[in-house]
Each structure stands twice: as C-alpha cells, then as structure tokens.
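Coordinate analysis (summary)
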Amino acid sequence: MKSKVFFIRARRGEPAEEIARKARELYLALGFNERIEPEDFVALKIHFGEKGNKGHVKPRWITGIIDEVLKRSQRAFLSDSNTLYVGNRSNSVDHIRLAWEHGFTPDVVKVPIIIADGLVGRDKTEVRVDGQRIKSSRIASAFLMSDAMVCLTHVTGHVQSGVGAAIKNLGMGCASRAGKLDQHSVVHPRIEARKCRNCGVCIQYCPAGAIVQLNGHVAIDDEKCIGCGECLVVCKFGAVKMKWDEDSRRLQEKMAEYALAVKNHFGEKICFINFIMQVTKDCDCMAKTQESIVEDIGMAASLDPVAVDRASIDLVKQQAGRDAFRAGYNIDWSVQLSYGEKIGLGRQDYELVEIES
Ligand code: SF4
Ligand code: SF4
C-alpha cells in the first residue's frame, strides 16, 4: 500500500500570508487536526535557525497551521531541543531569545516556545528501541510528555546525512544532547595533511577543543571529538574528511532508530509538513546566509515521515534535473529512507496528491 503525500506549490516571492494560507490548506488535507483532543499538549516541532541563518521556516508561514491546531487545543507550543555544539541554541534562554529575533514572537505565532530538553539540555527520557544500532534512545523529555506532534521541517542538504528533512527533524531534532552525542559518536573526521593550509579556522569552531596543532600540523584528537561535523563545514580547503559511506550510513541508521522511538510514542497523533523552499546545501544550523540549490517548490505533508521525505527529495531532483543533494556532498542520503522503511518508520512508496492552489 502506498502512503499519501499531499503537495501544494509555492514560491518564496509570494506574500507570507499566501504561503500561510497554502500551508493551512495542506495541513487540513491530511485530516490530522481531528485527532487532536481539547486537553492535548501539542508540540509543533521546528528548527528556529542558527543566528545569521536566513533559510529556516518563517514564522508567518506557519500561522495558518497554528490557528487550526489552536481550534482543537489551546495547549499547543513551538518546540526544539538544544544543540550539541556551542552556539546560540545550546541553552534554552539563548535559544528562545534567538527564536524571538527570528520572528517567532507571541504576537505572531500565538503560542509559547518550550525548549524540550530544559535549561541546558539535560532533561531527557530513555525510550527502549532495541534496534540494530541503539538499544535505548535519549529523547528530550517535553516531547514525550506531549500528546500530539506536528513536525514542521525545512528540507535541506546536510554535511553528514546528505539530506536533512522530516526523519532528521524527528530523530536528531527530538533527541536530547546526550541523544545527539550518541548519534554523532559514529562520525570520525580526520585532516588530510596534503590539503590542510594550517589556517586554524577549524580550531576556532571546534566546540570540543578536539583540534590541536601538533608538530606544525593540525590534527584531531579522537578521544575529545564529539562528531558534530562543524570542522567539515568550515574548512574551505576540503582538508577535513570523514569516511562518508561508513560514518554517514551508521549515523543515518541511528537517526532513523531515534525517529522511530519518537514516532512510536505518538502513534496516530503525529504528522509531517516539509517546506521545500529555499533549499540549501547545508542545514539551518549554519550561521550564514546560503544560496538555494534549486528553485522553490512548495510544501509536502503526510502522516508518514519516510514517504514525505522521499517525495520531497524526488520533487527537488525533478526540479533541478539532477540529484542536487548529492551534488552538494557526495553522500548516499537514501540510507535514512531505506533503513527507515526496514525498521517500520514508514514507506518509500507514495502517492502524490497535488492540491490546486
Ligand atoms: S580549516 Fe582546513 S585548512 Fe584550515 S587548519 Fe583546519 S583543516 Fe587545515
Ligand atoms: S567533528 Fe570536528 S568540529 Fe566537531 S568535535 Fe570533532 S573535530 Fe571538533
């Protein structure tokens, strides 16, 4: 049986109110809203964007969806978890202030913001997975105290998983810092001395102090490295390498197992809305303005995270006329989909239902 994916076209140049109207229509097409009960805590999972990032989902795009959720329950809130790396989203105070800076203020979004793993990212709850990669996941507690989730995702490329979409928003995005560390622990970058210019930029950006000068060369201390991937992104000379296939495969498999732990918690009360707008080579954790790698496409929604990601990727490939994600980082992004399917997270086989706008 195919999973249904609803799709509506949109462009970034359209007024935010128009995108919000379309997003509301798409959300209602899912028939999900009726599943929300008046007393339900509803987590609207989102990535507010790192400081300086312009690609994140815009607050005014989601106001229509929020209006509909509030008609069912007044206990809705916007939420994300704190980051592993030291930035502007690594504790709840800075995180919420940054969300406000990016326009997610109460007057616009009408709901409070709750950072799901507490003040400094330590509020976590263990959930048994018994997967091939993970036995027990560590999820940000507030997500597991919620009754329903609307997963709002900006589709982007990603330096470690090739694509960052609904599976990543669920698996990595709902993990506590300990859970993120667990997933990243399989990533072991190294520095290729031949290409390294010894500029020291990676040393400044490494949140774990794992990069050191050693006998006139720059090297990574494996004992200290937390696998965050920051050095891969900041090196302009392509000197930082990871074992793309091996490390990325394991990371994507762990991510899918974490995603399954969260999805199983919500059962029928979780849905996924992907914004295929301003699709960039890197994710919204990047503190910079990025060029789009493809023209804006629109929004896709489903009750199935694997199907909505598969459809989003296919739409990007069609629009670009090539695999625009693989062109950014030569990573096999399909692992998260095929492994997700294997463990029961969803199906890659989908039926695309286009909503006329
Ligand atoms: S940023 Fe790249 S070139 Fe510069 S020191 Fe680090 S690895 Fe070497
Ligand atoms: S992945 Fe790179 S930036 Fe991140 S902790 Fe390891 S060495 Fe540092």
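Quick notes on the rules
- Residues numbered from 1 in each chain as written.
- Chains lettered and ligands numbered in written order.
- Predicted model: local features only at pLDDT ≥ 70, side-chain atom pairs only at ≥ 80, totals over all residues.
- Heavy atoms only, no water.
- Core = buried A, V, L, I, M, F, W, Y, C linked by side-chain atoms within 4.5 Å.
- Buried < 20%, exposed > 50% of the residue type's maximum accessible area, 1.4 Å probe, protein only.
- Domains from an automatic or database assignment.
- Contact = heavy atoms within 4.5 Å.
- Helix = DSSP H or I, 4+ residues; strand = E, 2+ residues; numbered from the N terminus.
- Salt bridge = Lys/Arg side-chain N within 4 Å of Asp/Glu carboxyl O.
- Axes fitted to C-alpha atoms, helices over the stretch in contact; angles between N-to-C directions.
- Parallel < 35°, antiparallel > 145°, perpendicular 65-115°, else oblique.
- Near = heavy atom within 4 Å.
- Nonpolar A, V, L, I, M, F, W, Y, C, P; charged D, E, K, R; others polar.
- Pairing = 2+ DSSP bridges.
- Left-handed = near helix turned anticlockwise from the far one by under 90°.

Among the nonpolar cores identified, the biggest contains 70 residues, and Met149, Leu170, Ile211, Ile276 and Phe325 are the most heavily contacted of them. Three or more residues apiece are contributed to this core by two domains, here domain 1 (3–184 + 245–354) and domain 2 (190–241). When neighbours within four sequence positions are excluded, Ile276 is seen to be in contact with Val155, Asp296, Ile297, Gly298, Ala300, Ser312, Leu315 and Val316. Residues Ile66, Val108, Val111 and Cys271 belong to the second largest nonpolar core, which totals 40 residues.

Right, let's get into unusual backbone geometry. With a phi close to 55 degrees, Asp130 is a non-glycine residue in the positive phi region. Position of Asp130 relative to the elements: it lies in the loop between strand 5 (124–128) and strand 6 (136–140). Even without a glycine there, the phi angle at Asn198 is positive, about 60 degrees. For Asn198, the location among the structural elements is in the loop between strand 10 (190–191) and helix 8 (201–205). Relative accessible area serves as the criterion here: at 33%, Asn198 is assigned to the partly exposed category.

The next point concerns the pattern of salt bridges. Inspection of the entire model under this criterion finds 23 salt bridges. The salt bridge partner of Glu39 is Arg75, with a shortest N-O separation of 3.5 Å. Of this pair, Glu39 sits in the loop between helix 1 (16–29) and strand 2 (42–45) while Arg75 is found in the loop between helix 2 (63–72) and strand 3 (76–80), placing the two residues 36 residues apart along the sequence. For Glu39, a relative accessible area of 53% corresponds to the exposed category. Of the residues examined, Arg75 reaches a relative accessible area of 37% and is grouped as partly exposed.

Now for the packing of helix 1 against helix 2. Between helix 1 and helix 2, the least distance of the axes is 6 Å, while the angle of their chain directions is 45 degrees. The orientation of helix 1 relative to helix 2 falls into the category oblique. On helix 2, the residues that touch Ala20, Ala23, Arg24, Tyr27 and Leu28 of helix 1 are Thr63, Gly64, Ile65, Asp67, Glu68, Val69 and Lys71.

In the vicinity of ligand 2 there are 13 residues, among which Cys206, Cys225, Cys228, Gly229 and Cys231 approach most closely. Among the residues making up the shell around ligand 2, the classes are represented as 10 nonpolar, 2 polar and 1 charged.

Moving on, we come to the sheet that holds strand 14 (residues 270–276). Strands sit in the order 4-3-2-7-14-15-1-16 across an open sheet of 8 strands; the sheet is mixed. This sheet does not close on itself; its edge strands, each paired only once, are strand 4 (113–115) and strand 16 (350–354). Across this sheet, the average inter-strand angle for adjacent strands is 25 degrees, counted without regard to direction. Taken together, the 5 bridges between strand 1 (residues 3–9) and strand 16 define a ladder with parallel strand orientation. Bridging across to strand 16, Phe6 finds its partner in Val353.

Let us look at helix 13 (residues 334–342). Within helix 13, the full set of buried residues consists of Val335, Gln336, Leu337, Tyr339 and Gly340. One or two steps after helix 13, the chain reaches Gly344, where phi turns positive at roughly 90 degrees.

So, about the packing of helix 11 (residues 305–320) against helix 13. Closest axis-to-axis distance for the helix 11/helix 13 pair is 10 Å, and the angle between their directions is 155 degrees. Considering the angle they form, helix 11 stands roughly antiparallel to helix 13. The two elements helix 11 and helix 13 cross, and the hand of that crossing is left-handed. Between helix 11 and helix 13, the contacting residues are Val306, Asp309, Arg310 and Ile313 on the first element and Leu337, Gly340 and Glu341 on the second.

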